[in-house]
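# Structure assessment
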Amino acid sequence: LAAVKGWGCGLHGASGQLRSDREVVLAAVKNCGDALQCAAEELKNDREVVLAAVNQAGGSLHFASQALKNDREIALAAVTNFGCEDQDSALKCVTEQLKGDREIVLAAVNHYGLALEFASEELRNDKDVVLAAVKRDGWALMHASAALREDPLLRSWEELTRGQALWRLLREHHVVDRICDHWGKLTMCATFTDGGSAVMVGRGAKRAVEEYDAWEQ
């Protein structure tokens, strides 16, 4: 018990008896939500255990029972505790009914814009939902309905957030250095629509960062 409290992933190497021990599993998932994967099947259907797991790592909802994937409170906790190490939003794991729940989908896209991919068709055609997603990540627009993909406001936000993401990446100098090592010179263009437009072109990644920093000031 003391071991999994300090390192929940240790449940992976535990005996079947310990994986069925509710106290041990609860301690493990509070430390590492993905430890739910190793729990006995009956504990994957234990509401308190699963809620503790998704509060620690939303993606652990993938390992919960089907019944609990349809639990609204658990789903809401899962989509707002999505970690960058997860490949997909927890919204992917919930039932079709909850993928059409506007509150849950809004919570998901406000936390991770690309979660829009897993929303119901109706909500992918909801401009407010899509706008929330695109403000978080411009790439989310590709998951909107065909009509909304052509919306001028959404297109503007797509350009802005994708441009900002590019510059955040470039300004991490170890990334810039790595780019320069591999390709030497780099030309980058980004359009910003925040009270006007500015197009920045750099003839090297470091030069691009310097020019943007000067423009930003």
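Residues numbered from 1 in each chain as written. Predicted model: local features only at pLDDT ≥ 70, side-chain atom pairs only at ≥ 80, totals over all residues. Heavy atoms only, no water.

## Focus on the packing of helix H8 (residues 102-111) against helix H9 (residues 127-136)
In plain terms, the rule: An axis is simply a line fitted to the C-alpha atoms; with a helix, the fit covers only the stretch in contact. Between two such axes, the angle follows the N-to-C directions and lies from 0 to 180 degrees. Numbering of helices and strands runs from the N terminus, with a helix taken as a DSSP run of H or I at least four residues long and a strand as a DSSP run of E at least two residues long. By the definition adopted for this analysis, an angle is roughly parallel if under 35 degrees, roughly antiparallel if over 145, roughly perpendicular if from 65 to 115, and oblique otherwise. Handedness of a helix crossing follows the sense of rotation of the near helix relative to the far helix, less than a right angle counterclockwise being left-handed and clockwise being right-handed. By definition in these notes, contact holds between two residues if any of their heavy atoms fall within 4.5 Å.
It is the contact of H8 with H9, at a shortest axis distance of 7 Å, that shows an interaxial angle of 20 degrees. Considering their axes alone, H8 and H9 lie roughly parallel with respect to each other. By crossing handedness, the relation of H8 to H9 is classed as left-handed. Packed against H8, whose contacting residues are Arg 102, Val 105, Leu 106, Val 109, Asn 110 and His 111, the element H9 presents Asp 128, Val 129, Ala 132, Ala 133 and Arg 136 at the interface.

## Considering the environment of Ala 115
The test is simple: Each residue gets one of three labels from its accessible area relative to the maximum for its type: buried under 20%, exposed over 50%, partly exposed in between, using a 1.4 Å probe on protein chains only.
Counting through the fold element by element, Ala 115 comes out in the loop between H8 and H9. With a relative accessible area of 0%, Ala 115 lands in the buried category. Separated by 24 residues in the primary sequence, Ala 115 and Leu 91 have C-alpha atoms spaced 6.5 Å apart. Not counting the four nearest positions on each side in its chain, Ala 115 is found in contact with Ser 89, Leu 91, Ala 108 and Val 109.

## Some thoughts on the pattern of salt bridges
Convention followed: What counts as a salt bridge is simple: a side-chain nitrogen of Lys or Arg found within 4 Å of a carboxyl oxygen of Asp or Glu.
Counting across every chain of the model gives 13 salt bridges. Linking Asp 46 and Arg 22 is a salt bridge whose minimum nitrogen-to-oxygen distance equals 2.7 Å. Taken together, the positions of Asp 46 in the loop between helix H3 (22-31) and helix H4 (47-56) and Arg 22 in helix H3 put the pair 24 residues apart, joining distant regions of the chain. Glu 41 is the partner of Lys 44 in a salt bridge, and the nearest nitrogen-oxygen pair spans 3.3 Å. For Glu 41, a relative accessible area of 58% gives the class exposed. A single network of salt bridges, built from pairs that share partners, joins Arg 22, Asp 46 and Glu 48.

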